[in-house]
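Structure at a glance
Each chain is listed here by its residues.
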Amino acid sequence: MQSKTLVLISIAILAVPIFLIVFLNLNPTLSPQKQNLEECKTLTYNGENKINLLFFSSKEQAEKYSDYLLTISPFDKNKNAFNFYYIDNYTPECELYKGIAILCHSKELIKKSSSCPNDYIIVIKDMDSNIRSSSYMNVLSINSNHPYPVFPHEFGHAFAVLAEEYTPATIPSGSKNCVSNCDKFSIKDGCFEGCSKENYYRSTENGIMRTLYSNSFGIFDEKLISDKISKSPPKITGSVTSNEVDCSTENYYLIEGIYNEKEINVLRKTIEQGCIGTSGDGFFDYKLIMEDDSTLAEGSFNPELIFTDSQLENQNVISGETYDSDKEFYLKLPLIQNSKSLEISKDNVILSEINLQNIGAEFCKIN
């Protein structure tokens, strides 16, 4: 009898750590692993629920690019709609994409950006002038040796899904600034042939989406941007209530996937530490579904295309190319109790339904 009691006690003692290991790895609401967040520095703060732009650059560069953006219409009329932050003590690693463009979009960058409010991420790099700048998702990779309009140009892709107005290029599905008929412009400076495709039309002769030697988008593109500014949704989480930024108390879901041949494949799902931010804009939609099947958060993104652009002094228009993305994409979602799933769709067709309740549901290997 005493022997059986000892055996039962021994089993109970062994069961407790095993139970804790399983429980801790199956419970997705626990705190994530601590991240090495960087010091977030505020350049301009206009209040809560604004559009947050984060520079990975020196303070001087962040000031120059943000100041320039706010001289361009319609940003000059909406200065209070934006907050600007910068991180100057971390240097992102960037790749030379296709041997021709700087591309800084990476998991490490996305996680580091969580040190600040980060709807749009701008990395400034000093490269040879023939190396193109790029835009993918909400990450702008800017070659500092390009004219300043390259910043609003790449931001036009990420923020308002503007297509290239030079030729040839790929028109993002749903993009509105390149049209098949001039009557489709509600307002315009004019109507000019050649907008991504030779037989499509643009609303201005030489705007920022066509040449980096322009300081104007044209009135139709300005309206598209203004509409996006006015419709930017309030932040569900990660809001900052003052100039002081502390993202260490925030957590979010990070979904890693790849878009290929009209399919979304989810590669990893984790819980991360930091401020959440958006994932750019586009015509792929996502919804955060709760256990009662209500929708608490939704947004859009574009995992499909990578835009690359440059322009030398002897060129009249931008020399660039739009690539079908072969890169992983990253979606940040608010970490909300009773979240059930993430639904990703395009043109009302569901491409992926992702279970959020099993994040972290892996058994630990006991050595």
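Please refer to the structure higher up on the page.
Thresholds applied
- Positions within a chain are numbered from 1, following the residues in the order the chain's sequence is written.
- The model is predicted, so local features are restricted to residues of pLDDT at least 70 and side-chain atom pairs to those at 80 or more, both for listing and for counting; the totals for chains, interfaces and linings are taken over all residues.
- Here the side-chain values reflect all heavy atoms present in the structure, with hydrogen atoms and water set aside.
- Burial classification: accessible surface area is computed with a 1.4 Å probe over protein chains only, and a residue below 20% of its type maximum counts as buried, one above 50% as exposed, and the rest as partly exposed.
- Note on conventions: DSSP H or I runs of at least 4 residues are helices, E runs of at least 2 residues are strands, and numbering of each starts at the N terminus.
- We treat two strands as partners when DSSP finds at least two bridges between them.
- Crossover handedness is defined by viewing with both strands directed away from the observer: a clockwise path from the first strand over the helix to the second marks the crossover as right-handed.
- Two residues qualify as a contact provided that any one of their heavy atoms is within 4.5 Å of a heavy atom in the partner residue.
- Distance and chemistry together define a polar contact, namely a pair of N or O atoms within 3.5 Å, with one atom able to donate a hydrogen and the other to accept it when in protein, and with adjacent residues in sequence counting only for side-chain atoms on both sides.
- Convention adopted: a line fitted to C-alpha atoms gives each axis, helices being fitted over their contacting stretch, and angles between N-to-C directions are expressed from 0 to 180 degrees.
- Two cysteine sulfurs form what is called a disulfide whenever their separation falls within 2.5 Å.

1. Quick notes on the pairing of strand β3 (residues 82-87)
- Counting buried residues along β3, six of its six residues qualify, which places the element largely inside the surrounding structure.
- Residues Phe-82, Phe-84 and Tyr-86 point to one face of β3 and Asn-83, Tyr-85 and Ile-87 to the other, with burial holding for every one of them.
- One ladder, built from three bridges, connects strand β1 (residues 41-44) with β3; its direction is antiparallel. The residue of β3 that forms the bridge with Thr-44 is Phe-84.
- As defined by bridge partners, strand β2 (residues 51-56) adjoins β3 across six bridges and the pair is classed as parallel. Residue pairing for β3: Phe-56 is matched across the bridge by Ile-87.
- Handedness of the β2-helix α2 (residues 59-69)-β3 crossover: right-handed.

2. Focus on the environment of Thr-308
- Tracing the chain through its elements places Thr-308 in strand β15 (residues 305-310).
- In the structure, Thr-308 is positioned eleven residues away from Ser-319 in sequence and 8.6 Å away in space, judged by C-alpha atoms.
- Apart from residues no more than four positions distant in its own chain, Thr-308 is found in contact with Ala-101, Arg-132, Ser-133, Ser-134, Glu-164, Tyr-166, Gly-320, Glu-321 and Tyr-323.
- Within the structure, the side chain of Thr-308 is placed 3.1 Å from the side chain of Arg-132, a separation counted as a polar contact.
- Here Glu-321 takes part through its backbone oxygen, which lies 2.7 Å from a polar atom of the side chain of Thr-308.

3. So, the sheet that holds strand β6 (residues 120-125)
- The strand order across the open sheet built from eight strands is β1-β3-β2-β6-β8-β7-β15-β16, with neighbouring strands paired in mixed fashion. Both outer strands of the open sheet, β1 and β16 (319-324), are each paired with one neighbouring strand and no more. Averaged over all pairs of adjacent strands, the angle between strand axes in this sheet comes to 20°, irrespective of strand direction.
- As paired elements, strand β7 (residues 133-136) and strand β8 (residues 139-143) share three bridges and run antiparallel to each other. Counterpart to Ser-134 in the pairing with β8 is Ser-141.

4. What to know about the state of the cysteines
- Taken as a whole, this structure holds five disulfides when the rule is applied.
- Covalent S-S linkage joins Cys-40 and Cys-116, the inter-sulfur distance amounting to 2.0 Å. The sign of the 125° torsion about the S-S bond sets the Cys-40-Cys-116 disulfide as right-handed. Pair noted here: Cys-40 is in the loop between α1 (2-26) and β1 and Cys-116 is in the loop between α3 (107-113) and β6, with a separation of 76 residues, a long-range link. Judged on exposure class, the residue Cys-40 and its partner Cys-116 are both buried.
- Cys-182 shares a disulfide with Cys-191; S-S distance 1.7 Å. Sign of the S-S torsion, about -80° for the bond between Cys-182 and Cys-191, identifies this disulfide as left-handed.
- You can call Cys-191 partly exposed: its relative accessible area is 27%.
- Disulfide partners in the chain, listed by the sequence order of the bonded cysteines, are 1-4, 2-3, 5-8, 6-7, 9-10.

5. Remarks on the pairing of strand β19 (residues 349-355)
- Across six bridges, the pairing between strand β18 (residues 339-346) and β19 is antiparallel. Across the sheet, Ser-345 pairs through a bridge with Ile-350, a residue of β19.
- Counting the residues in the hairpin turn of β18 and β19 gives two residues, including Asp-347, whose phi is positive at 55°.

Just geometry here; none of it tells us what the structure is for.
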